[in-house]
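# Report on the structure
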Amino acid sequence: MKITNLTKQVSVSDHAKIAVSFIDRVTGLLNKNNPRALVFYTRFGLHTFGLSNPIDIILLDNSNRVVKLTKDLGPNRFFFYNPLFRIVIELPKGSIDRSGTALNDKIKFE
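Everything numeric here is computed off the predicted structure, so don't read it as measured data. (Residues numbered from 1 in each chain as written. Predicted model: local features only at pLDDT ≥ 70, side-chain atom pairs only at ≥ 80, totals over all residues. Heavy atoms only, no water.)

## Overview of the sheet that holds strand 10 (residues 107-109)
- Sheet architecture is open: three strands sit in the order 2-1-10, paired in antiparallel fashion. Each having just a single partner strand, strand 2 (10-13) and strand 10 make up the two edges of the open sheet. Geometrically, the sheet is characterised by an average inter-axis angle of 30 degrees between neighbouring strands, direction not taken into account. (Pairing = 2+ DSSP bridges. Helix = DSSP H or I, 4+ residues; strand = E, 2+ residues; numbered from the N terminus. Axes fitted to C-alpha atoms, helices over the stretch in contact; angles between N-to-C directions.)

## Thoughts on the side chain of Asp105
- Take Asp105: it is sitting in the loop between helix 2 (95-99) and strand 10.
- If we ignore the near neighbours within four places in the chain, the residues touching Asp105 are Asn5, Thr7, Lys8, Asn64, Arg65, Val66 and Gly100. (Contact = heavy atoms within 4.5 Å.)

## A word on unusual backbone geometry
- Its identity as a non-glycine residue notwithstanding, Asp72 has a phi of 60 degrees, on the positive side.
- On the secondary structure map, Asp72 appears in strand 7 (residues 66-73).
- A positive phi angle is found at Asn104, which is not glycine, with a value near 75 degrees.
- Here Asn104 lies in the loop between helix 2 and strand 10.
- Take Asn104: its relative accessible area is 55%, and that puts it in the exposed class. (Buried < 20%, exposed > 50% of the residue type's maximum accessible area, 1.4 Å probe, protein only.)

## Focus: the environment of Ile55
- With respect to the helices, strands and loops of the structure, Ile55 is situated in strand 6 (residues 55-60).
- Assessed through its relative accessible area of 4%, Ile55 is described here as buried.
- Residues Ile55 and Arg36 lie 19 residues apart in sequence; the distance between their C-alpha atoms is 9.6 Å.

## A word on the pattern of salt bridges
- Scanning the entire structure with this criterion turns up three salt bridges.
- Note that Asp97 is salt-bridged to Lys71, the shortest N-O span being 2.7 Å. You can see Asp97 sitting in helix 2 and its partner Lys71 sitting in strand 7, a full 26 residues away along the chain.
- Judged by relative accessible area, which is 52%, Asp97 ranks as exposed. (Salt bridge = Lys/Arg side-chain N within 4 Å of Asp/Glu carboxyl O.)

## Some words on the nonpolar core
- Judged by nonpolar contacts, the single largest core of 14 residues is most densely connected at Ile3, Ile58, Leu60, Ile89, Ile107 and Phe109.
- At the level of elements, strand 4 (37-41), strand 6, strand 9 (87-92) and strand 10 are the ones that each hand at least two residues to this core.
- For this core, the element with the most residues is strand 9, which contributes three residues.
- Membership of the second largest hydrophobic core comes to twelve residues, among which are Leu46, Leu51, Leu59 and Tyr81. (Core = buried A, V, L, I, M, F, W, Y, C linked by side-chain atoms within 4.5 Å.)

## Examining the side chain of Asp56
- Along the chain, Asp56 falls in strand 6.
- Although buried, Asp56 forms no salt bridge, and the nearest oppositely charged side chain, Lys71, lies 7.3 Å from it.
- Of note is the side chain of Asp56, whose polar atom sits 3.0 Å from the backbone nitrogen of Gly94. (Lys, Arg positive; Asp, Glu negative; His and termini not counted. Polar contact = N/O pair within 3.5 Å; in protein donor to acceptor, adjacent residues only side chain to side chain.)

Structural data, given as structure tokens:
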């Protein structure tokens, strides 16, 4: 799956996956078979326990607009957010800066 920032007309990730299975949801980016960009549909926080590298996180509203950005979230940390939102994208460190993604940008999944 491809993730595109429609507002900036730039790719956020060319190789992403929706974490649907229990294993994908539990292991996330720890699973080396998963692509380096994962999309979660959840109302719970995320963690980076077990990861060796920092990641970027984008939180979207139900219209796929960016409502929160977290850059360089280090290993062994929690990411909490308002449970009204449920679409979370985990990306490699630097992805937010590289794509220029900002608050209120519109994201598209293809």
